[in-house]
Amino acid sequence: AFALSSRYAILVGFPMFVGLAILANVIMVVFAQPEYAEATMPLTIICLSALLPTWGIAISPMLMTIERTKIQSMVTLASIFSNMVVSYVSIAYLNLGVVGAAWARFLASCVSLGLGIYALKRFLDITFDWEVLWKASLACLCMATTVFLVSFFEKAVSPLYLFPIYVVVGAVAYFLSLVAL
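Throughout what follows, the structure given in this document is the object of discussion. (Residues numbered from 1 in each chain as written. Predicted model: local features only at pLDDT ≥ 70, side-chain atom pairs only at ≥ 80, totals over all residues. Heavy atoms only, no water.)

What the rule picks out here adds up to 2 salt bridges. Between Asp129 and Arg7 there is a salt bridge whose closest N-O contact spans 2.5 Å. With Asp129 in the loop between helix H7 (97-123) and helix H8 (130-150) and Arg7 in helix H1 (residues 2-22), the pair connects residues that are 122 residues apart, well separated along the chain. You can call Asp129 buried: its relative accessible area is 14%. A salt bridge links Glu131 to Lys135; the shortest N-O distance between them is 2.8 Å. (Salt bridge = Lys/Arg side-chain N within 4 Å of Asp/Glu carboxyl O. Helix = DSSP H or I, 4+ residues; strand = E, 2+ residues; numbered from the N terminus. Buried < 20%, exposed > 50% of the residue type's maximum accessible area, 1.4 Å probe, protein only.)

What follows is the structure, encoded as structure tokens:
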């Protein structure tokens with residue numbers, strides 16, 4: 001059950017978050033305003049941090065199903081605590097601002113996935129579908145490359161008009177890459 005649910009989450013979630021990360025600058029300019037373009041980096045980091053929970057999407061429901069809610073709560077609290085500590089240090093002492101908070105979110109995702117896998121493996125024999133993981137990752141790389149190549153037209157055409165083209169071309173590139181792999 002774990003491999004099957006994570007397989008479909010990866011196939012759908014990875015291109016969504018990678019696509020959002022790739023188009024973060026365009027999204028900020030088109031939907032917010034050019035003066036919000038500085039939020040591109042934190043948005044990109046947060047999108048990439050969302051890949052980890054997508055990979056381990058079934059961990060929390062499985063722990064609750066086997067009545068290990070206390071363990072799931074501990075995993076969640078450890079993730080929240082790590083996020084709070086790293087956010088505080090990165091903002092108050094390292095002066096990293098929103099980028100530091102985004103990196104703290106990434107670390108919290110790592111903590112949550114790592115502890116969740118550790119906890120679940122203590123009770124169940126779970127397996128990962130590594131083939132889907134590498135195929136989806138490679139297809140996302142192809143999608144990113146294709147969108148990057150299309151972005152050269154941005155000099156001639158407004159990002160407002162190119163945004164739907166980015167989405168369609170990226171989706172087609174991802175799908176064709178998956179089929180080819």
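Continuing now.
Right, let's talk about the packing of aromatic side chains for a bit. In this structure the tally under the stated criterion is 7 aromatic pairs. An angle of 85 degrees between the planes, with centres 5.4 Å apart, marks the rings of Phe31 and Phe163 as edge-to-face. Of this pair, Phe31 sits in helix H2 (residues 24-32) while Phe163 sits in helix H9 (residues 159-180), and the two are 132 residues apart along the sequence. Ring centres of Phe148 and Phe152 lie 5.2 Å apart, and the angle between their planes is 70 degrees; this geometry places the pair in the edge-to-face category. Here Phe148 and Phe152 have matching classes, each one exposed. Put simply, the rings of Trp55, Phe128 and Trp130 pair up and form one aromatic cluster. (Phe/Tyr/Trp six-rings, centres within 6.5 Å; stacked < 30°, edge-to-face > 60°.)

Bringing the environment of Ser109 into the picture now. On the secondary structure map, Ser109 appears in helix H7. Classification of Ser109 by relative accessible area gives buried; the value is 3%. Excluding residues within four positions of it along the chain, Ser109 makes contact with Ser49, Leu52 and Pro53. (Contact = heavy atoms within 4.5 Å.)

With 25 residues, helix H6 (residues 69-93) ought to run about 36 Å at 1.5 Å a step, and its terminal C-alpha atoms sit 35 Å apart, in line with that. Within H6, the full set of buried residues consists of Gln72, Val75, Ser79, Ser82, Ser87 and Ser90. Lining the buried residues of H6 we find helix H5 (59-65) and H7. Asn95 sits one or two positions beyond H6 and adopts a positive phi of about 55 degrees. (Expected span 1.5 Å × (residues − 1).)

Taken together, the side chains of Phe81, Val85, Tyr88, Val89, Tyr93, Leu94 and Leu96 present a nonpolar region at the surface, about 730 Å² in accessible area. Within the secondary structure, Leu96 is located in the loop between H6 and H7. Residue Leu96 is classed as partly exposed on the basis of its relative accessible area of 44%. (Patch = residues over 30% accessible without salt bridge, like charges linked within 9 Å, V, L, I, M, F, W, Y side chains within 5 Å. Areas by Shrake-Rupley, 256 points an atom, 1.4 Å probe, with all protein chains shown as cover.)

Here we come to the packing of H2 against helix H3 (residues 40-49). Where H2 meets H3, the axes come as close as 9 Å, and the angle between the chain directions of the two elements is 125 degrees. With respect to H3, the element H2 is oriented oblique. The interaxial crossing formed by H2 with H3 has right-handed handedness. Contact residues: H2 offers Ala24, Asn25 and Met28, while H3 offers Thr40, Leu43 and Thr44. Considered class by class, the residues forming the contact of H2 with H3 number 3 nonpolar, 3 polar and no charged. (Axes fitted to C-alpha atoms, helices over the stretch in contact; angles between N-to-C directions. Parallel < 35°, antiparallel > 145°, perpendicular 65-115°, else oblique. Left-handed = near helix turned anticlockwise from the far one by under 90°. Nonpolar A, V, L, I, M, F, W, Y, C, P; charged D, E, K, R; others polar.)

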